[in-house]
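# Summary of structural features
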Amino acid sequence: MPEIAGLEAAIGRAGFYKHERPDLLLMRMPAGTRAAGVFTTNAVGSAPTDWCKQVLAATRGNARGLLVNAGCANSFTGDAGDAACKRAVSEASAAIGIEPREMLAASTGVIGVVLDDAKITSALLHMKLDAVSWPKAAAAIMTTDTFPKGAGATCEIDGVQVNIAGIAKGSGMIAPNMATMLAFVFTDAALSAPILKTLLRQETETSFNAITVDGDRSTNDCVLLYATGQAKVPPIADAKDDRLAGFRQALSDVLRDLAIQIVRDGEGATKLVAVNVEGAQSDASAKIIARTICESPLVKTAIAGEDANWGRIVMAIGRADQPVRKEMIAVRFGELYAARDGMVSAEYDEAAMSAYMKRQELEITVVVGPGSGRARMYTCDLTKRYIEINGDYRS
């Protein structure tokens, strides 16, 4: 992952977990940094997501800090949670010499527990800003993740080289519509907050909003994008400017890489599955069908059992409540057809299909009609381990 000029970080342990592990990340950016964010559409929300939305609106994207804690979501905690978030932000901003309104915050962990900000205040005394270690930063924000997640890219804007790097956490409670995770992405490009916001919203649709592990949308989801401005690109006033083409593609690659890592690390997952829908009435309709297939427990358990039970996929297509042409439905696993033209395929080969299902990465493609709508989503299988992890999560 490339270095982002002007970015510093500190890792600490506030003690939100019983076992000894880092659970606090503090970052500082130089003056002039701009930021944008996209947040969960869960109606409950959380204190830190509320704080970020308010601050970004009030400052028009002027942000120089980031405070992230794992182990406590500080969601559904009322006025006490809001006050705790504000105290933590105030202490963290003072520790690195910026204003509270320049600090964004994120939390992940158990819902319904008020953040013990005194633990953060104590931890800050032992934390020192230094050059960013991406593996350590990514590890500090994990909850049930089994590995730290990071991605980076380099591109050019009007002949000036710029870098992009990002980290993310997520493993369970993962679904589209924001997505269910935390992700923090940084670039040294000098771009305005409105441009960052436009690009982030657009590229989130085909990355974090195109993944699902279990269909549950968290209260704390957010993706934050910071631009430190240290790479002095020529002024760009519009997100549609052709000079941003390379940057847009690099940002898309980083976001998609992080999103796929989250699905690959789905709680208890053993398979990464790409689901393609073609022939739908619209792209939006195709996405609904893809999501229905991806979130079907019957489809996901069949995949876990390495069973090409294509009838479950047909069932999921039908219950998506979208326009389809039954006589045109086709289902393909890789290059192997299970169904064509609304019925079992004449070349269906159970042995070949069973062999394909043993792979760790699978691709399922369905055709649902004559339309031009299409979508691609990623999911994973549903195993007994998922139940074990979530059954024991608090206890």
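Numbering of residues starts from 1 in every chain and runs along the sequence as written. Local features in this predicted model are restricted to residues whose pLDDT is 70 or higher, and side-chain atom pairs enter the listing and the counts only when it is 80 or higher, whereas totals over whole chains, interfaces and linings include all residues. Calculation of side-chain values draws on the structure's entire complement of heavy atoms; hydrogens and water are dropped beforehand.

## Looking at the overall build of the protein
- Per the secondary structure count, the protein includes eleven helices and 16 strands.
- Expressed along its principal axes, the backbone C-alpha trace of the protein runs to roughly 70 × 55 × 35 Å.
- Surface exposure of the protein reaches about 16700 Å², of which carbon and sulfur atoms provide 50%.
- By the counting rule applied here, Lys and Arg register as positive and Asp and Glu as negative, while His and the ends of each chain are not counted. The atom standing in for a charge is NZ when the residue is Lys, CZ when it is Arg, CG when it is Asp and CD when it is Glu. Averaging the locations of the 42 positively and 46 negatively charged side chains of the protein gives two centres separated by 2 Å. Working definition: helices are DSSP H or I runs of at least four residues, strands are E runs of at least two. Numbering for both runs from the N terminus. Only the protein chains shown count as covering a residue, and every accessible area follows the Shrake-Rupley method with a 1.4 Å probe.

## Some details on the sheet that holds strand β15 (residues 361-367)
- The criterion for strand pairing is that DSSP finds at least two bridges linking the strands in question. If you trace the six strands from one edge of the open sheet to the other, you get β14-β13-β12-β15-β11-β16, paired in mixed fashion. In this open sheet, the two edge strands, each paired with only one partner strand, are β14 (343-344) and β16 (373-380).
- Bridge analysis of strand β11 (residues 272-280) against β15 gives seven bridges, and the strand direction is parallel. Residue V273 lies in a different strand from β15, and its bridge partner there is L362.
- Any two residues whose heavy atoms approach within 4.5 Å at even a single point are treated as in contact. Axis definition: a line fitted to C-alpha atoms, over the contacting stretch in the case of helices. Angles run 0 to 180 degrees between N-to-C directions. Relative to β16, helix α7 (residues 283-295) is tilted by about 25 degrees, and along the sheet it contacts β11, β15 and β16.
- Relative to the sheet, helix α9 (residues 310-319) contacts β12 (330-333), β13 (336-340), β14 and β15, its axis offset from that of β12 by approximately 135 degrees.

## So, the environment of I195
- In this structure, I195 sits in helix α5 (residues 193-205).
- Classification of I195 as buried rests on a relative accessible area of 2%.
- On a C-alpha basis, the gap between I195 and A70 in space is 30 Å, while along the polypeptide they are 125 residues apart.
- Contact partners of I195, with chain neighbours within four places excluded, come to I236, A237, D238, A239 and L244. When a residue's accessible area, from a 1.4 Å probe over protein chains only, is under 20% of the maximum for its type it is buried; when over 50% it is exposed; and in between it is partly exposed.

## Considerations on a nonpolar patch on the surface
- Residues with no salt bridge and a relative accessible area higher than 30% make up the patches, which join like charges within 9 Å and nonpolar side chains (Val, Leu, Ile, Met, Phe, Trp, Tyr) within 5 Å. Basic side-chain nitrogens of Lys or Arg form a salt bridge, by our definition, when they fall within 4 Å of a carboxyl oxygen of Asp or Glu. On the surface, V44, F76 and I111 cluster together into a nonpolar patch covering about 310 Å² of accessible area.
- Mapping V44 onto the fold places it in the loop between β3 (34-39) and α1 (47-59).

## Quick notes on the environment of E156
- Looking at the secondary structure, you find E156 in strand β7 (residues 149-157).
- For the pair E156 and G246, spaced 90 residues apart in the sequence, the C-alpha separation amounts to 6.3 Å.
- Once residues within four sequence positions are removed from consideration, E156 is found in contact with Q161, R243 and F247.

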